[in-house]
Amino acid sequence: MIIAVDGPAASGKGTIAKALARHYGLPHLDTGLLYRAVALTVQRMELDPAKEADAVAACDFDDALLADPALRTDEIGQLASIVSAHPLVRAALLHRQKRFARQPGGAVLDGRDIGTVIAPDADAKLFVKATPQIRAQRRHKELQGHGSTVSFDKVLTDIRGRDARDSGRSTAPLVMAGDAVLLDTSFLSIDASVQKAIALVEVRRVRAVSATEPQ
Ligand code: CDP
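### Observations regarding helix H4 (residues 74-83)
Buried residues dominate H4, accounting for 8 of its 10 residues. Buried within H4 we find Asp74, Ile76, Gly77, Gln78, Leu79, Ala80, Ser81 and Val83. Buried-residue contacts for H4 involve helix H2 (32-44), helix H3 (52-57), helix H5 (87-101), helix H7 (132-145) and helix H8 (152-168).

Take a look at the structure:
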């Protein structure tokens, strides 16, 4: 079973995708990490993230980089949304994601274009959202937990900027797939969001199983 989880920054999609992977015993790929790895490589090589050729040159990163905690900063998140708008960067990372999705037994992937581009044939597609204010509150708390003194207003402005870039780009923009189900986590706890996500996936799974059974 392939499960696609898409949504904007700090919507809860990563936590939900991880929990779904655990629940169904499937491997999980946080595809945002790939774009973050390109961004970090651009920064370390002192390249220009706005230049497509520079960003493409950073796509050949070592897999070990995916475990680097430096990927998790807000600055790298912003840079990732700049490099990810280049069509050639998306093309360079496409096969690796498709291969992961198609592995025997299935997989859970989360990102921005999983249900639309990477796995349009996914068995279950969730689009996770929450209001920008609530997403900024979550991200602000998370950053404070890591010792950051960044203001709430700056976090909210950054989230809005990233939303605009991710939704406005011409290649693989952040849009809900026509056959995805919406999960609004604005007023749900983590536990409640996960339970709801499992229930939504179950509906799709049971429907898929009964469609293959002889009548
Ligand atoms: O965790 P958070 O939602 O803040 O960000 P992320 O999922 O790590 O993604 C960082 C950036 O990578 C996003 O703002 C997108 O611009 C880009 N991205 C993308 O374009 N396509 C994906 N499938 C995943 C991430």
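### Some words on the pairing of strand S3 (residues 107-111)
When you tally the buried positions in S3, you get 5 out of 5 residues, the bulk of the element. Burial along S3 is two-sided: Ala107, Leu109 and Gly111 facing one way and Val108 and Asp110 facing the other are all buried. Sheet analysis places strand S2 (residues 28-30) next to S3, joined by 3 bridges and oriented parallel. Looking at the pairing, His28 lines up with Val108 of S3.

### Let's talk about the pattern of salt bridges
This model, assessed by the stated rule, comprises 10 salt bridges. For Asp166, the salt bridge goes to Arg112, with nearest N and O atoms at 3.2 Å. One end of the pair, Asp166, is in helix H8; the other, Arg112, is in the loop between S3 and helix H6 (114-118), with 54 residues separating them in the sequence. Each member of the pair, Asp166 as well as Arg112, is classed as buried. Ionic contacts of the salt-bridge type, sharing partners, join the residues Arg112, Asp166 and Arg169 into one network.

### Side note on the site of the ligand
The full set close to the ligand counts 18 residues, and Lys13, Arg36, Arg90, Arg162 and Asp166 are the nearest of them. With respect to the ligand, the side chain of Ser84 contributes an N or O atom lying 2.9 Å from an oxygen atom. Between Asp166 and the ligand, the recorded distance is 2.6 Å, taken from a side-chain N or O atom to an oxygen atom. About the coverage of the ligand: the protein hides 95% of its 530 Å² of free accessible area. At the level of elements, H2, H4 and H8 are the ones that each hand at least two residues to the shell around the ligand.

### Notes on the environment of Val108
By secondary structure assignment, the location of Val108 is in strand S3. Note: C-alpha distance between Val108 and Leu20 (88 residues apart in sequence) is 7.4 Å.

### Digging into the environment of Thr73
Within the secondary structure, Thr73 is located in the loop between H3 and H4. Between the alpha carbons of Thr73 and Arg36 there is a distance of 9.3 Å; along the sequence they are 37 residues apart. At 3.2 Å, the side chain of Thr73 forms a polar contact with the backbone nitrogen of Ile76.

### Observations regarding unusual backbone geometry
In this structure, Glu46 takes a positive phi of about 55 degrees despite not being glycine. Structurally, the position occupied by Glu46 is in the loop between H2 and H3. Judged by relative accessible area, Glu46 falls into the exposed class, the value being 73%. Phi is positive for Ala172, close to 45 degrees, though the residue is something other than glycine. Here Ala172 lies in the loop between H8 and strand S5 (181-184).

### Description of the sheet that holds S2
Sheet strands associate in pairs through backbone hydrogen bonding, adopting either a parallel or an antiparallel arrangement. The strand order across the open sheet formed by 5 strands is S2-S3-S1-S4-S5, and the pairing between neighbours is parallel. Here the strands that pair on one side only, and so sit at the sheet edges, are S2 and S5. Averaged over all neighbouring strand pairs, the angle between strand axes comes to 20 degrees, with direction disregarded. Against the sheet, H5 makes contact with strand S1 (2-6), S2 and S3, and its axis sits at roughly 145 degrees relative to S3, the strand it touches most.

What counts and how
- Residues numbered from 1 in each chain as written.
- Predicted model: local features only at pLDDT ≥ 70, side-chain atom pairs only at ≥ 80, totals over all residues.
- Heavy atoms only, no water.
- Buried < 20%, exposed > 50% of the residue type's maximum accessible area, 1.4 Å probe, protein only.
- Helix = DSSP H or I, 4+ residues; strand = E, 2+ residues; numbered from the N terminus.
- Contact = heavy atoms within 4.5 Å.
- Pairing = 2+ DSSP bridges.
- Salt bridge = Lys/Arg side-chain N within 4 Å of Asp/Glu carboxyl O.
- Near = heavy atom within 4 Å.
- Polar contact = N/O pair within 3.5 Å; in protein donor to acceptor, adjacent residues only side chain to side chain.
- Areas by Shrake-Rupley, 256 points an atom, 1.4 Å probe, with all protein chains shown as cover.
- Axes fitted to C-alpha atoms, helices over the stretch in contact; angles between N-to-C directions.

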